[in-house]
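# Overview (structure and organization)
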Amino acid sequence: MSAPNGRDARAAPGPERATTPVPAGPAALAWRRRRVALAAFARSFARHRAGLVGLAALLAISALALTAPLFVDEAGLSITRAPGDPYEPPSRRYPLGTDNFGRSVLDLVVWGARVSLTVGFLATFVSVALGTVIGVAAGHFASSGGLAGRVVSTVLMRITDWFLVLPTLVLAVALAAVLPRGVGTIILAIGLTVWPPTARLVRAQTLAVEARPYVERARALGGGHAHVMAWHVLPNVMPVVLAQTTLLVATSIIAESTLSFLGMGDPATVSWGGILEAARNAGAISAGIWWYMIPPGLAIAVVALSFTLCGRAVESVLNPRLGEAR
Amino acid sequence: MTSTPTTTGEPAAQGPTGAFPARGRSGSGRLWRVLVYVSGKLLTAVVSLAAVVVAGFFLFRILPGDPVRAMTEGREVTAQQREELRRQFGLDQPLWQQFLDYCAGLARFDLGTSFQYREPVADLILERLGPTVLLAGTGTVVAALLGLFLGTRAGWRPGGRADRTHTAVALFLWSVPTFWLGLLLIVVLASGRGFVPGLFPTGGMVDPGVSGALDTVLNTAWHLVLPVATMVAVIYAQYLMIMRSSLMDEKGADYLTTARAKGLRDGLVRRRHAVPNALLPTVTLIFLNLGQVVSGVILVETVFSWPGLGQLFYSGLRVPDLGLVQGLFVVFAASVILMNLLADLVYPLLDPRVRP
């Protein structure tokens, strides 16, 4: 695996460099470099059609989720004040029909996007933070820190491998079962179980970064472990983390729906997995009420697919060796 | 719940760890290295199993504060009954004593008692092991064969039409939640509503009243179609992506140039030379992904009411019957670790390059 990093993009002199005047100080120079790198990244990303489609779908769905209160009446989502009759087939008033309580399925799905996306993002944040810290520490102490460092690194990787092998769902469900019900529990259960691949990836990248001369320079100048990890290693593993984050959101959203479907969710909140659980418990599956069960599942699939497409595009922009093949 | 089928994995994570460079293979030195390799793997597995045992104990004891309260949530229970339950489950003992009892129980394959079924958890698990092994085994074999076959097609000409089609389909199916796909198949192919008659049963393993060996086998196979289809659809994507990237790694190898220079046809180069080598690293990953197979089995069994361990797990969750969930947690985790140990031990026999 060649080391994906942002340095190549930064080193490539863009047309901007020739035309703009020499900046005042190092900070301005750094900012201009970042701008150039970002522009180069955006240009390469735009070449991946699938990634663009995914990004567009995500922006549209996020906008819909954010503005949902404008056109969905939250009161209509309560079981007792449902506006329609049970199991109305799709009509002009209810484009996706109604559920067993008479709530509009379209409203439920739109509203469910809020919880599903929030849980997806927060769980990803937890697991990426955990995976990055463990991965950077394991990678850093493997190459510096002497015998004690190598022991720490080995122990961290053994723990990672242990979590990697265990069935994710079983662990997440067990966590969700023993903690109090709620959205926070779901976020924690997913975040604490899906981090190992990130840790492995970040560790590999950290090892590659640690071998570079500027890390040696920082160390020679007296930089401690914390300084080297935070200022020299972390910024250079961030591109890998970014790609992994995008892919993990898809995993987390599917995980959220799965946990909700198994009844681990908070019954008071509407999420896509929760809608499907309700549909199954209400017997909508055997009764063939397709409009109750198809939209939420399709929503999960579309969002997960969009994140995956985006993540793969980001991945191949950062790692051109993969790019040719996709 | 599956992990992202990404092709950027750390190479070290793909091959078995502890691969030795090929040194001189003198008799006694080699035996020594084999012993070191095997004992290293055994030690790792033992430590992992111990961690599972400890996690299984403390996860279900420490976190909720009091398992009895969790068990009796929403029920009318007097303080006296609660005390009785606490004594029955040994919860009035100090924690270390409980832990020792639990470990001693595990050594005798005693996983505690199910609160819900009033039966030993170990008996429940043994009863339902067969159906799960049948479903998971069939699903894994079919998914691996399909994934490896399509992955070979996709990886041989990256960017070609076969690659784009197979990758797109696999990615879409991977993005679909397992349980929803199962529900969809039930509605379309089994519920008998709409245009399609009910071709397959909506759940269960054998219809009541079916007798005779052949009839039972056929009836089971008929019940197996939809659950296996669901499992395969969700997990074959990983095998496809792994095989694809593994084959792409092999593509630049010198021996393939040699094979082509000999004048071998493209198909022959692929089948005889590239695929066998690309297959090897994939084997380990198939075992590494068994955790995901377990996750898939739980969901598929829940959706299709398949009378196996997954459905048992789900029924334990609904009550909640934490004793049962804990026992299944330990069994699932331990079986995955043991399968990985098996893979680590068998792999050097398959691949001479990593033979110690």
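Our structure's up above, just so we're on the same page.
Residues numbered from 1 in each chain as written. Chains lettered and ligands numbered in written order. Predicted model: local features only at pLDDT ≥ 70, side-chain atom pairs only at ≥ 80, totals over all residues. Heavy atoms only, no water.

## A short note on the overall build of chain B
Our working rule: Helix and strand assignments follow DSSP, with helices taken as H or I runs no shorter than four residues and strands as E runs no shorter than two, numbered in order from the N terminus. Partly exposed describes any residue whose relative accessible area lies between the buried limit of under 20% and the exposed limit of over 50%, with all areas from a 1.4 Å probe on protein chains only and scaled to the type maximum. Contacts are assigned to residue pairs that have any heavy atoms within 4.5 Å of one another.
Counting its regular elements, chain B contains 14 helices and 0 strands. Going residue by residue from the N terminus, the α and β elements of chain B occur as α-α-α-α-α-α-α-α-α-α-α-α-α-α. Classification of the 356 residues of chain B by burial places 48% in the buried group. Long-range pairs, those at least 24 residues apart, make up 73% of the contacts in chain B with a sequence separation of at least 6.

## Description of unusual backbone geometry
All names here are of chain B. The phi dihedral of R118 falls on the positive side, at around 55°, and the residue is not glycine. As for its position among the elements, R118 is in the loop between α5 (95-107) and α6 (121-156). The exposure class assigned to R118 is exposed, which follows from its relative accessible area of 58%. With a phi close to 50°, S305 is a non-glycine residue in the positive phi region. The topology assignment puts S305 in the loop between α12 (290-304) and α13 (309-318). Relative accessible area serves as the criterion here: at 33%, S305 is assigned to the partly exposed category.

## Some remarks on the interface of chain B and chain A
Quick reminder of the rule: Buried area counts how much accessible surface, traced with a 1.4 Å probe, disappears from two parts once they are put together, with both parts' losses summed. In what follows, salt bridge is the name for a side-chain nitrogen of Lys or Arg lying within 4 Å of a carboxyl oxygen of Asp or Glu. Counted as a polar contact is a pair of N or O atoms within 3.5 Å, where, for protein atoms, one must be capable of donating a hydrogen and the other of accepting one, and residues adjacent in sequence contribute only when both atoms are in side chains.
Across the contact, 63 residues belong to chain B and 59 residues belong to chain A. When chain B packs against chain A, close to 5200 Å² is buried across both sides, 73% of that on carbon and sulfur atoms. Our count for the chain B to chain A interface comes out at 1 salt bridge. The partner of E277(A) in a salt bridge is R318(B), and the shortest N-O contact between them spans 3.2 Å. Connecting chain B to chain A are 6 residue pairs in polar contact (both at pLDDT 80 or more). If you list the elements that add at least two residues to the side of chain B that touches chain A, you get α1 (11-14), α2 (27-61), α7 (161-175), α8 (178-190), α9 (213-250), α12, α13 and α14 (322-350) of chain B. Tallying contributions element by element places α12(B) first for the side of chain B that touches chain A, with 8 residues.

## Notes on the environment of V133(A)
All names here are of chain A. With respect to the helices, strands and loops of the structure, V133 is situated in helix α6 (residues 105-143). Judged by relative accessible area, V133 falls into the exposed class, the value being 58%. In the structure, V133 is positioned 80 residues away from V53 in sequence and 32 Å away in space, judged by C-alpha atoms.

## Examining the packing of α6(A) against helix α9 (residues 183-191) of chain A
All names here are of chain A. Put simply, the test is: Axis lines are fitted to C-alpha atoms, over the contacting stretch for helices. Their N-to-C directions set the angle, which ranges from 0 to 180 degrees. Throughout this description, any angle smaller than 35 degrees is read as roughly parallel, any larger than 145 degrees as roughly antiparallel, any in the 65 to 115 degree range as roughly perpendicular, and the remainder as oblique. Each crossing gets its handedness from the near helix: less than a right angle anticlockwise from the far helix is left-handed, clockwise is right-handed.
Where α6 contacts α9, the two axes come as close as 8 Å, and the packing angle between them is 40°. Between α6 and α9, the interaxial angle falls into the category oblique. The element α6 and its partner α9 pack so that their crossing is right-handed. Facing α6, whose interface residues are V119, L122, A123, V126, S127 and L130, α9 presents V183, I186, I187, I190 and G191.

## Structural notes on the environment of W272(A)
All names here are of chain A. Within the secondary structure, W272 is located in helix α13 (residues 272-281). W272 sits in the buried class, given a relative accessible area of 2%. Measuring from C-alpha to C-alpha, the distance between W272 and R92 comes to 23 Å, with 180 residues separating the pair along the chain. Setting aside anything within four residues of it in sequence, one finds W272 in contact with V109, G112, A113, S116, P296, A299, I300 and V303. A polar side-chain atom of W272 sits 2.9 Å from the main-chain carbonyl oxygen of V109.

## Overview of helix α4 (residues 49-66) of chain A
Residue and element names in this part refer to chain A. Our working definition: The span one expects for a helix is its residue count, reduced by one, times 1.5 Å. The arc refers to the directions leading from the helix axis to the C-beta atoms.
With 18 residues, α4 ought to run about 26 Å at 1.5 Å a step, and its terminal C-alpha atoms sit 26 Å apart, in line with that. All of the buried residues along α4 are G51, G54, L58, I61 and A65. End-on, the buried residues of α4 take up no more than an arc of 100°, which puts them together on one face. Turned more than 90 degrees away from the buried face of α4, the exposed residues are R49, V53 and L59. On its buried side, α4 packs onto α3 (26-46), α5 (68-71), α6 and α14 (290-318).

## A closer look at the pattern of salt bridges
All names here are of chain A. Counted under the stated rule, the structure contains 8 salt bridges over all chains. For the salt bridge of D161 with R200, the shortest nitrogen-to-oxygen distance reads 2.8 Å. Of the two residues, D161 sits in helix α7 (residues 146-165) while R200 sits in helix α10 (residues 196-210), which places them 39 residues apart along the sequence. D161 sits in the buried class, given a relative accessible area of 18%. One connected set of salt bridges, linked through shared partners, spans R158, D161 and R200.

## What about the nonpolar core?
Keep this limit in mind: Here the nonpolar core consists of buried residues drawn from Ala, Val, Leu, Ile, Met, Phe, Trp, Tyr and Cys, with membership extended through side-chain atoms lying within 4.5 Å.
Core analysis: the largest hydrophobic core is formed by 172 residues, its most contacted members being L259(A), M264(A) and F313(B). For this core, the leading source of residues is α6(A), giving 16 residues. Other than its neighbours up to four places away in sequence, F313(B) contacts V170(A), V173(A), I298(B), V325(B), L328(B) and F332(B).

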